[in-house]
Each structure stands twice: as structure tokens, then as C-alpha cells.
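Next come the chains, spelled out residue by residue.
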Amino acid sequence: MPWVIANPDRDFKRGPLVFSTYWGRASDSNRFDARILTSQPTKEMDIFDVKFAHVEYTFYISPADADGKIRALAMPLYAPHDPLQLGG
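Predicted, not measured: the structure shown is a model, and the values here were computed from it.

Observations regarding the pairing of strand S3 (residues 56-61)
So, step 1. Across the six residues that make up S3, a large majority, five, are buried.
So, step 2. Bridging between strand S2 (residues 46-52) and S3 involves six bridges; their strand directions are antiparallel. Following the sheet pairing, Lys51 is matched in S3 by Glu56.
So, step 3. The antiparallel hairpin formed by S2 and S3 contains three residues in its connecting segment.
So, step 4. Judged from the two bridges that link them, S3 and strand S4 (residues 73-74) form a sheet pairing that is antiparallel. Paired with Tyr60 across the two strands is Ala74, which belongs to S4.

The structure is reproduced here in C-alpha cells:
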């Protein structure tokens, strides 16, 4: 929900979109993906690297259901497979 509602302060801090890259399907055999998948209702999630001017995220997005709704989404504040994802 916070990404849908306009927030000029958040948008300014994040900066404009620089690029986005599809990384493929997440898997339990990858330790980075497994950490994310344990808290999601589905194990089928696509990975996107999304870079803004001031921050980079990894988006884990489940495929849309028959009604077009996405039921699972995770957005770690690191690039895909960055060792910082494993902290904490």
C-alpha cells in the first residue's frame, strides 16, 4: 500500500528509477531466496533488481492469481544476492 499512495518525501529520497532487471525465479536452494521465501505464502516468486538514484531494492513478486491480484511481495533493501540480505 505505501508504494501506491503518493509520497513526495519518500519519492525524493529514493530518486528517479535508474533501471530494473529481471533475475529469474526464486528457489529454496539459494540461501538468499530461501530467507525471503520462508515468510511468504508461496514459493513461486520472480526476482527483480530495481535501482533508483539513491537506493536499490530486490523485489520478490508472486505471479498474479486468476483475478489479477498479486498475493505476495517482499522488498529487501539490497541488490539481489547481496550478502547484506543475510544479516540480522
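From this point, things continue past the structure.
A few points about the sheet that holds S2
So, step 1. Taking strand neighbours across the sheet as the criterion, the four strands line up as S1-S2-S3-S4 in an open arrangement whose pairing is antiparallel. Of all strands in the sheet, those with a lone pairing partner are strand S1 (17-25) and S4, marking the two edges.

Side note on the packing of aromatic side chains
So, step 1. Tallying each qualifying case throughout the model produces three aromatic pairs.
So, step 2. Taking 6.1 Å as the distance between ring centres and 85° as the angle between the ring planes, the aromatic pair formed by Phe52 and Tyr57 counts as edge-to-face.
So, step 3. Overall, Phe52 belongs to the buried group, its relative accessible area being 9%.
So, step 4. Joined through ring pairs, the aromatic side chains of Phe52, Tyr57 and Phe59 make up one cluster.
So, step 5. One Lys or Arg, Arg14, reaches over the ring of Phe52 and ends 4.5 Å from the middle of that ring.

Rules and cut-offs
- Residues numbered from 1 in each chain as written.
- Predicted model: local features only at pLDDT ≥ 70, side-chain atom pairs only at ≥ 80, totals over all residues.
- Heavy atoms only, no water.
- Buried < 20%, exposed > 50% of the residue type's maximum accessible area, 1.4 Å probe, protein only.
- Helix = DSSP H or I, 4+ residues; strand = E, 2+ residues; numbered from the N terminus.
- Pairing = 2+ DSSP bridges.
- Phe/Tyr/Trp six-rings, centres within 6.5 Å; stacked < 30°, edge-to-face > 60°.
- Lys NZ or Arg CZ within 6 Å of the ring centre and 35° of its normal.

The quantities given are spatial measurements derived from coordinates; they are silent on function.
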